[in-house]
Amino acid sequence: MQKPRPIILTCGEPAGVGPELAPKALAAGVPFVFLGDPRHLPAGTAWAEVHDLREPVAAGVLPVLRHDFAAPAVPGRPDPANAAGVVAVIARAVDLAMRGEAGGICTLPISKEALKQGAAFAFPGHTEYLAHLAGDVPVVMMLASTAVEPPCRVVPVTIHIPLSEVPRALTPEVLEQAVRITDGALRRDFGIDMPRLAVAGLNPHAGENGVMGTEEMAWIAPLIARLRAEGLDLAGPLPADTMFHAPARARYDAALCAYHDQALIPIKTLDFAGGVNVTLGLPFVRTSPDHGTAFDIAGKGLAEAGSVIAALRMAWDMAGRRQA
C-alpha cells in the first residue's frame, strides 16, 4: 500500500510555543512539513525550504513550506500584525489537504484573543474555522489519550459556551449528530469496526430518575434507545462521575459528554502530556496538541513536545487508514 502524503504542521501563534515545538516534533518519526515563517523558528534550527510536500531533506532538518508573515515574533508577546498570517496559514493548509497534496493537518496552538484583535477572527476557535473552510460541514471535537490504557477518548457535545447555556444547547438533534459523527469517525479513522459509545448524563447521577434533573428521562434515554435499535452500540445516560476510571473506560471506545469540562477534566487528568485534539467529520485529517500557546514559557526552551509528537503520529495513522 502506498504511504500517505506528509502531514502539514501549521505554525500557530508565532509568539507562543509552536515555533519551538516544530523542530522538536521531528522526534515523531513521521513525514511532515512545517508551514510558517522560518524567521519565527528558534535560533539555530536546522531547516530547509521545500516547494513540494514530498521534497526530501536531510535527516534532522526541518522541512519548511515558507509563508512569510508581516513581522518577526517576540516570544510571549503576540503582535496584531501577524494575526492575518496565522489565519492565512490555516486556510492554505486546508486548501492543500482538500486537494489531496497533504495526508492531513496538525495544527499548533493559536490565540483566539490575538486573532480577534489583529484579524477580526469571527470563529470561537480552530475547530469551527476548519469546519467553515471545509464547506460548513458538521464536526465534533474529540480528545484522545495516547499514554494510558484503556484509552480515554472524550467528545464534548457542547464546547465553548457558558455552563448556563448548556441545557438549551444540548438538544436531541445536537446529541444525535455527535453520536453519528463519532461512530463514523471511529470506524473510518481509528479502525474500530463496531464502536462502543457511552453517553454521559447532563445532571449529577444522570438525573437519578428525575430527582436531580429530567433531561435524561425526558429525551436522552429515549434517543439512545432509538439509536441502539438502529444497531449502534450505545450505553447511557451514565453518571459522569463513574465513567472514567480504568474498568469503566474498558467498556467503551469513546464517551460523549454534555459539556466542555465534563469531557476535558478526565482526559487532562489522566493524560495531560499525551492528549490529542482530533476534529471528527472533516473531509481531511486534523489533529492538534491538547494545549495552548503557553505565552508564559514561550522562548524559554521549556515547552514539552510530547503532545505535538503524539498528534503528528495520530494524524499519520489516521491518514493511512483513510487511504486504505
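Procedures and definitions
Residue numbers here run from 1 along each chain, matching the order of that chain's written sequence. Whole-chain, interface and lining totals are the exception, using all residues; otherwise, since this is a predicted model, local features are given only for residues with pLDDT of at least 70 and side-chain atom pairs are given and counted only at 80 or more. Side-chain metrics in this entry use all non-hydrogen atoms of the structure; hydrogen atoms and water are not considered. UniProt positions are given in the numbering used here, feature names are shortened, and annotations may be inferred rather than shown by experiment. Lines are fitted to the C-alpha atoms to define the axes, a helix being fitted only along its stretch in contact, and any angle between axes, read from their N-to-C directions, falls within 0 to 180 degrees. Secondary structure elements are defined from DSSP: runs of H or I of at least 4 residues count as helices, runs of E of at least 2 residues count as strands, and each element is numbered from the N terminus. Each angle gets one of four labels, with under 35 degrees taken as roughly parallel, over 145 as roughly antiparallel, 65 to 115 as roughly perpendicular, and the rest as oblique. Definitions for this section: a left-handed crossing has its near helix turned counterclockwise from the far helix by less than a right angle. A right-handed crossing has that turn clockwise. Whether two residues are in contact is decided by their heavy atoms, any of which lying within 4.5 Å being enough. Residue burial is assigned from relative accessible area. The probe radius is 1.4 Å, only protein chains are included, and a residue is buried under 20% of its type maximum, exposed over 50%, and partly exposed in between. Here, a strand pair is defined by DSSP locating no fewer than two bridges between the strands. Here the term right-handed applies to a crossover when the path leading from its first strand over the helix to its second strand runs clockwise, the strands being oriented away from the viewer. Three classes are used: nonpolar for Ala, Val, Leu, Ile, Met, Phe, Trp, Tyr, Cys and Pro, charged for Asp, Glu, Lys and Arg, and polar for all others, with Gly counted as polar. To pair, rings of Phe, Tyr and Trp, with the six-membered ring standing in for Trp, must have centres within 6.5 Å; the planes then decide the type, stacked if under 30 degrees apart, edge-to-face if over 60, and tilted in the middle.

- Looking at an unreviewed UniProt entry, one finds the protein named 4-hydroxythreonine-4-phosphate dehydrogenase and attributed to Paracoccus yeei.
- Listed under Subunit (unreviewed entry) in UniProt, the entry text for the protein is "Homodimer."
- According to UniProt, the comment filed for the protein under the heading Subcellular location (unreviewed entry) is "Cytoplasm".

**Comments concerning the packing of helix α2 (residues 83–98) against helix α4 (residues 126–133)**
Link 1 in the chain: The geometry of α2 relative to α4 is characterised by a closest axis approach of 10 Å and an angle of 50° between their N-to-C directions. Taken together, the axes of α2 and α4 lie oblique to each other. For the pair α2 and α4, the crossing hand works out as right-handed. Contacts from Val-87, Ile-90, Ala-91 and Val-94 in α2 reach His-126, Tyr-129, Leu-130 and Leu-133 in α4.

**A short note on the pairing of strand β8 (residues 196–200)**
The side chains of a regular strand alternate between both faces of the sheet.
Link 1 in the chain: Counting buried residues along β8, four of its five residues qualify, which places the element largely inside the surrounding structure.
Link 2 in the chain: Across four bridges, the pairing between β8 and strand β9 (residues 233–238) is parallel. Bridging from a neighbouring strand, Ala-200 pairs with Leu-238 of β9.
Link 3 in the chain: The β-α-β motif built from β8, the intervening helix α7 (residues 215–229) and the parallel element β9 has right-handed crossover chirality.

**Overview of the packing of α2 against helix α3 (residues 112–119)**
Link 1 in the chain: Contact pair α2 / α3: the axes reach a minimum separation of 8 Å and the direction vectors enclose 110°. With respect to each other, α2 and α3 are oriented roughly perpendicular. For α2 against α3, the interelement crossing comes out left-handed. Residues Ala-83, Ala-84, Val-86 and Val-87 of α2 touch α3, and the partners they reach there are Ala-114, Leu-115, Gly-118 and Ala-119.
Link 2 in the chain: Taken together, the residues that form the contact of α2 with α3 break down as seven nonpolar, one polar and no charged.

**Focus on the packing of aromatic side chains**
Each aromatic ring pair is characterised by the separation of its centres together with the angle its planes make.
Link 1 in the chain: In the structure shown here, the tally under the stated rule is three aromatic pairs.
Link 2 in the chain: Considering the side-chain rings of Phe-121 and Phe-123, the 5.5 Å spacing of their centres and the 55° angle between planes classify their relative orientation as tilted.
Link 3 in the chain: Classification of Phe-121 by relative accessible area gives buried; the value is 7%.
Link 4 in the chain: Given the relative accessible area of 21%, Phe-123 is considered partly exposed.
Link 5 in the chain: Seen from their ring centres, Phe-121 and Tyr-129 are 5.2 Å apart, and the 75° between their planes marks the pair as edge-to-face.
Link 6 in the chain: Taken together, the ring pairs connect Phe-121, Phe-123 and Tyr-129 into an aromatic cluster.

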